[in-house]
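# Structural overview
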Amino acid sequence: MSNQVFEEIAALFATFGGETYGEGVSIAEHSFQSAALARAEGADEALCLAALLHDVGHFLEQRDDRFGYHKHDRSGGDWLAARFPADISEPVRLHVAAKRYLCATEPDYFSVLSEASRHSLARQGGAMSPDEATDFAHRYFAADAVRLRRWDDRGKVAGIEAPPLESYKPAIARAAR
């Protein structure tokens with residue numbers, strides 16, 4: 001099964017990874033950069049895979065606009081949950097909520113968002129209310145989702161080389177159900 005999961009992921013990246021969503025890099029480049037940032041910061045293997053696969057939901061549904069599918073966190077989280085344990089799927093499911101949380105709790109956070117992230121934020125509900133932020137902070141995997149969100153924000157630099165999908169094949173094999 002684990003090899004089959006890698007092949008599914010590889011097929012999605014081969015088919016859709018070259019697309020862009022307003023970030024100046026392809027979805028694949030962004031995914032590889034996000035995962036490389038997670039590795040560089042010493043994240044465990046599961047969180048590195050979450051960083052690699054956090055935008056898989058863009059591959060699964062039709063775009064809402066040039067910035068992609070705005071509920072990609074849900075579709076991606078569901079798709080990953082069928083193939084991986086929660087320590088991979090849930091940070092992905094929560095990474096959009098983490099953006100909304102950070103906008104509500106860190107005054108300068110909005111200024112680090114790209115144009116595409118600002119646009120999608122508006123489509124995803126905007127900054128959380130104080131009550132929503134409190135509820136989010138107490139959710140299991142919220143801290144991992146916030147870490148993932150920060151790599152997501154930084155992994156959008158044109159011309160940066162990052163390890164390719166193939167370098168994650170052993171980790172995917174270990175983690176896949």
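Residues take numbers from 1 onward in each chain, read along the sequence in its written order. Where totals are concerned, whole chains, interfaces and linings use all residues; where local detail is concerned, this predicted model gives features only for residues with pLDDT of at least 70, and gives and counts side-chain atom pairs only at 80 or more. As a rule here, side-chain values come from all non-hydrogen atoms in the structure, and water together with hydrogens is ignored.

### Some remarks on the nonpolar core
Working definition of a nonpolar core: buried Ala, Val, Leu, Ile, Met, Phe, Trp, Tyr and Cys residues. They are joined through side-chain atoms within 4.5 Å. Burial classes follow relative accessibility: with a 1.4 Å probe on protein chains only, a residue under 20% of its type's maximum area counts as buried, one over 50% as exposed, and anything between as partly exposed. Judged by nonpolar contacts, the single largest core of 36 residues is most densely connected at Ile 9, Leu 52, Phe 84 and Ile 172. Helix numbering and strand numbering both begin at the N terminus, where a helix is a DSSP run of H or I of at least 4 residues and a strand a DSSP run of E of at least 2. Within the residue set of this core, elements represented by two or more residues are helix 1 (2-16), helix 2 (27-40), helix 3 (45-53), helix 5 (72-81), helix 6 (86-105), helix 10 (142-154) and helix 11 (169-175). Contacts: residue pairs with any heavy atoms within 4.5 Å of one another. Leu 52 has contacts with Phe 13, Ser 31, Phe 32, Ala 35, Leu 165, Tyr 168 and Ile 172, leaving out every residue within four places of it along the chain. Of all hydrophobic cores here, the second largest spans 16 residues; its members include Ala 97, Tyr 109, Leu 113 and Met 128.

### Focus on the environment of Gly 76
Tracing the chain through its elements places Gly 76 in helix 5. Gly 76 sits in the buried class, given a relative accessible area of 0%. Separated by 16 residues in sequence, Gly 76 and Val 92 have C-alpha atoms that sit 6.9 Å apart.

### A word on the pattern of salt bridges
Here, a salt bridge means any side-chain nitrogen of Lys or Arg that lies within 4 Å of a carboxyl oxygen of Asp or Glu. Per the counting criterion, the structure on display carries 10 salt bridges. The partner of Asp 78 in a salt bridge is Arg 93, with the nearest N and O atoms 2.5 Å apart. Of this pair, Asp 78 sits in helix 5 while Arg 93 is found in helix 6, placing the two residues 15 residues apart along the sequence. We note a salt bridge from Arg 150 to Glu 106, for which the minimum N-O separation is 2.4 Å. With Arg 150 in helix 10 and Glu 106 in the loop between helix 6 and helix 7 (109-112), this residue pair connects regions lying 44 residues apart in the sequence. Residue class for Arg 150 comes out partly exposed when judged on its relative accessible area of 32%. The structure contains a network of salt bridges with shared partners spanning Arg 149, Asp 152, Asp 153 and Lys 156.

### Things to note about the side chain of Ser 26
Relative to the elements of secondary structure, Ser 26 occurs in the loop between helix 1 and helix 2. Since its relative accessible area comes to 10%, Ser 26 is described here as buried. The residues contacting Ser 26, other than those within four sequence positions of it, are Gly 17, Gly 18, Glu 19 and Thr 20.

### With respect to the packing of aromatic side chains
In summary, the pairing rule links any two rings of Phe, Tyr or Trp, Trp by its six-membered ring, whose centres are within 6.5 Å, and it sorts them by plane angle into stacked for under 30 degrees, edge-to-face for over 60 and tilted for everything else. Tallied over the entire structure, the rule returns five aromatic pairs. Taken together, a centroid distance of 5.6 Å and an interplanar angle of 15° make the contact between Phe 13 and Phe 32 stacked. Of the two residues, Phe 13 sits in helix 1 while Phe 32 sits in helix 2, which places them 19 residues apart along the sequence. Each member of the pair, Phe 13 as well as Phe 32, is classed as buried. Taking the centre distance of 5.2 Å and the plane angle of 80° together, the rings of Phe 13 and Phe 59 count as edge-to-face. One end of the pair, Phe 13, is in helix 1; the other, Phe 59, is in helix 4 (residues 57-60), with 46 residues separating them in the sequence. Judged by relative accessible area, which is 6%, Phe 59 ranks as buried. Within the aromatic cluster, the residues linked to one another by ring pairs are Phe 13, Phe 16, Phe 32 and Phe 59.

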